[in-house]
Amino acid sequence: FLKEQSRQTGRPISTKDIDGVEIETMAEAVLELNDRHGTSFAFEHIREYWGFSKLLETIPGISNVGQYAMEIVHSARVLLDAKPVPGSRALSYYLFEEGVAEPRITARPGNFNGIDVAALTRIWYSQKMPWVDSALINIGEGSGIGSDSKVRRIVELQPLYHFDDSPFDIEAISRAGI
C-alpha cells in the first residue's frame, strides 16, 4: 500500500528528521557532558526542546552555552555512539522491507569545528541501520545549522508526511504547506 501510494503521487510517503526522531543524540550528549564535567545529569533532565542548554547554564565557567552545546552534540563520540530512538530502527527496517524510500533530512551542519559531521552521520547509519541508503541522508552544507536548507529540501520533496521534533522547523514546514 505505502509503495503504491508513493508511486501514484510521485512523492515520498514520508521524510524524517534525524536527531530526536531516529537517533537519540541528546541522551549521548548528556553522557558526554557528564564525562567532561563530572556531573550526573540524566537524559530525563532535558525532555524539553532547550533542556540541554538549560543544563549547561548550571555549570560554572561555560561562557557561550550555544556554542558549547554544539561542540558536545557534534563531537565524534556523540555522533557515533548515540543509540536509535526506541522503535525507529524497527519502523525504518519495516519500510525498507516494504520498498519505501524514506529520506532523512536534518539541520546538522556538514562539518563543525573540523569534524566531518556528514561522514560521521553516514557511518552511524552504516553501523546501526545499514539498510538506509546513504543517498537518502540529506545534511546541511558548511558549518552552520541548516534549518533553512532542511525546510527547503522537505518542500522540494513534498512528502505526504514529515516527522520532526523541532517546534521551529515544524512550524516552518507547516507554513510551507507540508
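Reading guide: rules and limits
Residues numbered from 1 in each chain as written. Predicted model: local features only at pLDDT ≥ 70, side-chain atom pairs only at ≥ 80, totals over all residues. Heavy atoms only, no water. Helix = DSSP H or I, 4+ residues; strand = E, 2+ residues; numbered from the N terminus. Rg over C-alpha atoms; globule rule 2.2 N^0.38 Å. Buried < 20%, exposed > 50% of the residue type's maximum accessible area, 1.4 Å probe, protein only. Contact = heavy atoms within 4.5 Å. Areas by Shrake-Rupley, 256 points an atom, 1.4 Å probe, with all protein chains shown as cover. Polar contact = N/O pair within 3.5 Å; in protein donor to acceptor, adjacent residues only side chain to side chain. Arc of directions from axis to C-beta. Core = buried A, V, L, I, M, F, W, Y, C linked by side-chain atoms within 4.5 Å. Phe/Tyr/Trp six-rings, centres within 6.5 Å; stacked < 30°, edge-to-face > 60°. Salt bridge = Lys/Arg side-chain N within 4 Å of Asp/Glu carboxyl O.

Caption draft 1: Up close: the overall build of the protein. Across its full length, the protein carries nine helices and four strands. Mapped in sequence order, the helices and strands of the protein form the string α-β-α-α-α-α-α-β-α-β-α-β-α. Its C-alpha radius of gyration of 17 Å places the protein within 12% of the 16 Å reference for a compact globule of 178 residues. Each principal axis of the C-alpha distribution contributes one length, and for the protein these read about 55 × 35 × 30 Å. Of all 178 residues assigned to the protein, the portion counted as buried reaches 45%. A separation threshold of at least 6 residues defines the contact pool for the protein, and within that pool the share at least 24 residues apart is 71%. Here the protein displays about 9,200 Å² of accessible surface, and carbon together with sulfur accounts for 53% of that area.

Caption draft 2: The arrangement of the side chain of aspartate 19 in detail. Considering the arrangement of structural elements, one finds aspartate 19 in the loop between β1 (14-16) and α2 (25-37). Side chain to side chain, aspartate 19 and threonine 25 meet in a polar contact 2.4 Å long.

Caption draft 3: Quick peek at unusual backbone geometry. The phi dihedral of asparagine 113 is positive, around 50°, even though this residue is not glycine. Overall, asparagine 113 belongs to the exposed group, its relative accessible area being 53%. If you check the backbone angles, glutamine 158 has positive phi at about 50° while not being a glycine. Relative accessible area serves as the criterion here: at 29%, glutamine 158 is assigned to the partly exposed category.

Caption draft 4: Looking closely at helix α4 (residues 65-73). Where α4 is concerned, the buried positions are Val65, Tyr68, Ala69, Ile72 and Val73. An end-on view of α4 places all buried positions within 130° of arc, on one side of the element. Buried residues in α4 make contact with α2, α3 (51-57) and α5 (76-81).

Caption draft 5: Representation of the nonpolar core in the model. Ranked by internal contacts, the top residues of the largest apolar core, which has 17 residues, are Leu33, Phe52, Leu56 and Ile72. Sorting the residues of this core by element identifies α2, α3 and α4 as the ones contributing at least two each. With five residues, the top contributor of residues to this core is α4. Ignoring any residue separated from it by four or fewer positions in sequence, one finds leucine 56 in contact with Leu33, Ile62, Val65, Tyr68, Ala69 and Ile72. Ala82, Trp124, Trp131 and Ile137 belong to the second largest nonpolar core, which has eleven residues in total.

Caption draft 6: Representation of the packing of aromatic side chains in the model. One pass over the full model with this rule turns up three aromatic pairs. Here the aromatic rings of tyrosine 93 and tryptophan 131 are separated by 4.8 Å at their centres, their planes lie at 75°, and the arrangement is edge-to-face. One end of the pair, tyrosine 93, is in helix α6 (residues 88-97); the other, tryptophan 131, is in the loop between α7 (117-128) and β3 (137-138), with 38 residues separating them in the sequence. Aromatic side chains tryptophan 124 and tyrosine 125 sit 4.9 Å apart centroid to centroid with 80° between the ring planes, which places their arrangement in the edge-to-face category. Per residue, the accessibility class of tryptophan 124 equals that of tyrosine 125, and both read buried.

Caption draft 7: Representation of the pattern of salt bridges. Scanning all chains against the criterion turns up 13 salt bridges. Residues glutamate 22 and arginine 104 are paired through a salt bridge, measuring 2.7 Å at the closest nitrogen-oxygen approach. With a gap of 82 residues between them, glutamate 22 in the loop between β1 and α2 and arginine 104 in strand β2 (residues 104-105) connect regions that are remote in the sequence. Note on accessibility: glutamate 22 and arginine 104 belong to one class, buried. The partner of arginine 77 in a salt bridge is aspartate 35, and the shortest N-O contact between them spans 2.4 Å. Pair noted here: arginine 77 is in helix α5 and aspartate 35 is in helix α2, with a separation of 42 residues, a long-range link. Using a relative accessible area of 26% as the deciding quantity, one classes arginine 77 as partly exposed. Residue classification places aspartate 35 among the exposed residues on the basis of a relative accessible area of 56%. Connected through shared salt-bridge partners, Glu28, Glu32, Asp35, Arg36 and Arg77 make up one network.

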